[in-house]
Structures are given as structure tokens and as C-alpha cells.
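# Inside the fold
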Amino acid sequence: MKKLLCSLLFISTIGFSETFDESPKYSADCLILQDENSIICKYEHERLETDIEIKVQWINPQGEISRERTILIPAGHGSVYDFRYIEGRMKGDWQFKVIEGENEIVTNFSVE
């Protein structure tokens, strides 16, 4: 009976344990909404207990920075959005780049 209880306790402990990946996860993605004349870009990272300052860059098809801004992500938040209107944007392949410390996350989208 003792062996059965110990085995059951061990199995339930292993079953409910969590694995923690030490490397933080970062991602960026852009969505083009033609009907709303908008380009919406989202940057996600793990929620942290401190404020994080990031730099966001919109890079046009000629490789020039069209807009650059510094954004503060408050403690406990895991994402930030930035948007621009499609109208007035240069046609071609754009980059949305986020710089957080030494990490650079880049996503591409196309304006037609």
C-alpha cells in the first residue's frame, strides 16, 4: 500500500510540474486592414515585473527609417501596438523593427 501511495504521489507531482524555458520569447507581427486603411504592428515579450523601454522603427522599402519612437512597456504588460495609415505609405516591402536592449526583432510586410 505504501508503494502504491508513493508511486501515485510521484506520478501526480511529475504530472503537475511545469518546465521553465530560460530563454525569453520575443515576437513581432504586422496586420494590414485594407477596409480600415490601417497597418497594425504588435510586439510581444514575456511579462516582466519591471518597466521595459523599447525602440520601434518603421523602415520603408528604400531602407530608410520612416518613423522611430521610444515606447515604455509598463511592468506586468506583455505587448505593445503601433499603427499607421496605409494611405500615404510608399508601395513595396516594409520592415517593422523593435529594439529591446541587445535584441532586435524584425518582421516584414508589403504595401500594395
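Before going into details, it helps to say that this report is about the structure given with it.

Reading the values: the criteria
- Residues numbered from 1 in each chain as written.
- Predicted model: local features only at pLDDT ≥ 70, side-chain atom pairs only at ≥ 80, totals over all residues.
- Heavy atoms only, no water.
- Pairing = 2+ DSSP bridges.
- Helix = DSSP H or I, 4+ residues; strand = E, 2+ residues; numbered from the N terminus.
- Axes fitted to C-alpha atoms, helices over the stretch in contact; angles between N-to-C directions.
- Buried < 20%, exposed > 50% of the residue type's maximum accessible area, 1.4 Å probe, protein only.

To continue, consider the sheet that holds strand S4 (residues 65–73). Read from one edge of the open sheet, four strands run S4-S3-S6-S7, paired in antiparallel fashion. In this open sheet, the two edge strands, each paired with only one partner strand, are S4 and strand S7 (103–111). Neighbour to neighbour, the strand axes of the sheet diverge by 15 degrees on average, direction disregarded. Of the strand pairs in this sheet, strand S6 (residues 92–100) and S7 are connected by nine bridges, and their pairing is antiparallel. When the bridges of S7 are listed, Phe-96 appears paired with Thr-107.

Here the focus is the pairing of strand S5 (residues 79–85). Within a regular beta strand, the side chains point alternately toward one face of the sheet and then the other, so they alternate between its two faces. A one-sided burial pattern is seen for S5, the buried positions being Val-80, Asp-82 and Arg-84 and the unburied ones Ser-79, Tyr-81, Phe-83 and Tyr-85. As judged from the seven bridges shared by strand S2 (residues 38–45) and S5, these two strands associate in the antiparallel manner. When the bridges of S5 are listed, Cys-41 appears paired with Asp-82.

Any functional reading would require information beyond the geometric quantities listed.
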